[in-house]
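Each chain is listed here by its residues.
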Amino acid sequence: MFNSLYSYSENVQRWHLIAICIVGYVVYYLIEVVKHPTLAVSHGAFKEFLLKNVPSIESKFWPTIWCIESRAQTLVASALRQTIFPTIYYRREIFTLKDGGIVALDWMEDGCEKSSPLILILPGLTGESRHDYIRCLVMAAQSIGVRTVVFNNRGLAGVELKTPRLYCAANIEDLSEVVNHIKNQNPNVRLGATGISMGGLILGNYMAENGVEASNIFTACQIISVPWNVHKLSESIEKPYLNCLIGQYLTNNMSSTVNNYCEFLKLDKQEMDRIFQCKTIKQFDSHFTSKHFGYEDVEQYYRAASLHDKLHKITTPMLCLNAADDPLQPFDAIPISAALKSSHVAIVITARGGHIGFLEGMWPILKDQYISRIFSQYFAATLFDDADFGGTSEEMMHEFKLLNSGINSDLNSVDAMAD
């Protein structure tokens, strides 16, 4: 039998083999790659609202057939978006913080009324308003008549430091000041917020720490490709070989940012040498970030920055988008169980998509991309439909109170048993 197969394989024409390989790959693609996203959210008002108003959640996600690998999705998506989305000419506002530091707020309001809803956008680790994925979301917002303002972190987007302080995933002080400023400028406008990657951590921590107060300011929010558990992020990004290359690239970017302001940050040569010797994000955070923000060590900083154990504190409707194959965040670190018990947090998980990738279609050159489609469908439904979403929000808050009363009862029972 094996001799017959070998004889056939030697005589078969080359194009037959190519055809067999193509058919095999297509079958694999249709069975293992193309899948419906997983929606992790409690059975209640928020789930019903999302299924009714965000149709992309129920549709299969068709990753670009020639670009299904997670790292490829991540890198190719960025390269393509650089060419697809044109330069955006923002109205820049330099906002002065209480400690004398300054940040750039880049506004895009073209074609929108002054009373139009507004979305605050927080970029990733070293991201800023000109980056491809930000332009993608800004244009999506414009398409539904929503204004945007991009919050560029200290020392980025061409704005120099005025005080010896940068930014980190666990600190929400700068964001709190920016939010209050934006709200004061737009007192009667519906506000939304979106955070991408590290921006999602900052936004999520703000929502968790401020609870009901945040829900009185923001109507809805979204986070994309957030690394829920920063400990898991550091482990995943150090895996050989491709992941660690991405990690080293990000580490070099952060080291360069610090180097630009080393004298201003009062770092001596020995400290800078240690920073430049860092090969991983964790080493950088150990030598710089954790010390810069007064944490005992990098472990304490990562615990403060992580979001996976804070979902129960969030009372602003939050839609989250993650890919199961994200190289920066393994699937087992996504808090699915916590989302299933949360009244206000829903996580959409695609089987593929990488980190801020989510490329789809044979040749993904259209401006209508998966992340922008989820973004626009969600905010069009939450920021404009007063009657529908207003009723949903009230039901969600009722569910939150019921869930919290159950948690408090359990805690009281535990305390009584301990006594």
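See the structure printed just above.
All values derive from a computational prediction rather than experimental measurement.

A. Spatial organisation of the sheet that holds strand 4 (residues 118-122). The strand order across the open sheet built from nine strands is 1-9-8-7-6-4-5-3-2, with neighbouring strands paired in mixed fashion. Only two strands of the sheet have a single neighbouring strand rather than two, namely strand 1 (38-40) and strand 2 (91-96). The mean angle between the axes of side-by-side strands here comes to 20 degrees, regardless of whether they run parallel or antiparallel.

B. Inspection of the packing of helix 11 (residues 281-292) against helix 12 (residues 298-305) at higher detail. Close contact between helix 11 and helix 12 brings their axes to 9 Å; oriented N to C, the two are set at 95 degrees. Between helix 11 and helix 12, the interaxial angle falls into the category roughly perpendicular. Between helix 11 and helix 12, the residues in contact are Ile 281, Lys 282, Asp 285, Ser 286, Thr 289 and Ser 290 and Val 298, Glu 299, Tyr 301 and Tyr 302, respectively. Within the contact of helix 11 with helix 12, the residues separate by chemical class into four nonpolar, three polar and three charged.

C. A look at the environment of Pro 117. With respect to the secondary-structure elements, Pro 117 resides in the loop between strand 3 (102-108) and strand 4. Residue Pro 117 is classed as buried on the basis of its relative accessible area of 8%. Setting aside residues up to four positions removed in sequence, Pro 117 forms contacts with Gly 145, Val 146, Arg 147, Val 189, Arg 190, Leu 383 and Phe 384.

D. Region of the structure containing the pairing of strand 3. Along strand 3, seven of the seven residues are buried, which leaves the element largely enclosed by surrounding structure. Of the two faces of strand 3, both are covered, the one formed by Ile 102, Ala 104, Asp 106 and Met 108 as well as the one formed by Val 103, Leu 105 and Trp 107. As judged from the five bridges shared by strand 3 and strand 5 (residues 147-152), these two strands associate in the antiparallel manner. The residue bridging Trp 107 from the neighbouring strand is Val 149, located in strand 5.

E. Main features of the packing of helix 6 (residues 173-185) against helix 7 (residues 198-217). Two elements in contact, helix 6 and helix 7, have axes whose closest approach is 11 Å; the angle formed by their N-to-C orientations is 35 degrees. The handedness of the crossing between helix 6 and helix 7 is right-handed. For the pair helix 6 and helix 7, the contacting residues are Leu 175, Ser 176, Val 179, Asn 180 and Lys 183 in the first and Ile 202, Leu 203, Tyr 206 and Ile 217 in the second. The residue makeup of the contact of helix 6 with helix 7, split by class, is six nonpolar, two polar and one charged.

Quick notes on the rules
Residues numbered from 1 in each chain as written. Predicted model: local features only at pLDDT ≥ 70, side-chain atom pairs only at ≥ 80, totals over all residues. Heavy atoms only, no water. Pairing = 2+ DSSP bridges. Helix = DSSP H or I, 4+ residues; strand = E, 2+ residues; numbered from the N terminus. Axes fitted to C-alpha atoms, helices over the stretch in contact; angles between N-to-C directions. Parallel < 35°, antiparallel > 145°, perpendicular 65-115°, else oblique. Contact = heavy atoms within 4.5 Å. Nonpolar A, V, L, I, M, F, W, Y, C, P; charged D, E, K, R; others polar. Buried < 20%, exposed > 50% of the residue type's maximum accessible area, 1.4 Å probe, protein only. Left-handed = near helix turned anticlockwise from the far one by under 90°.

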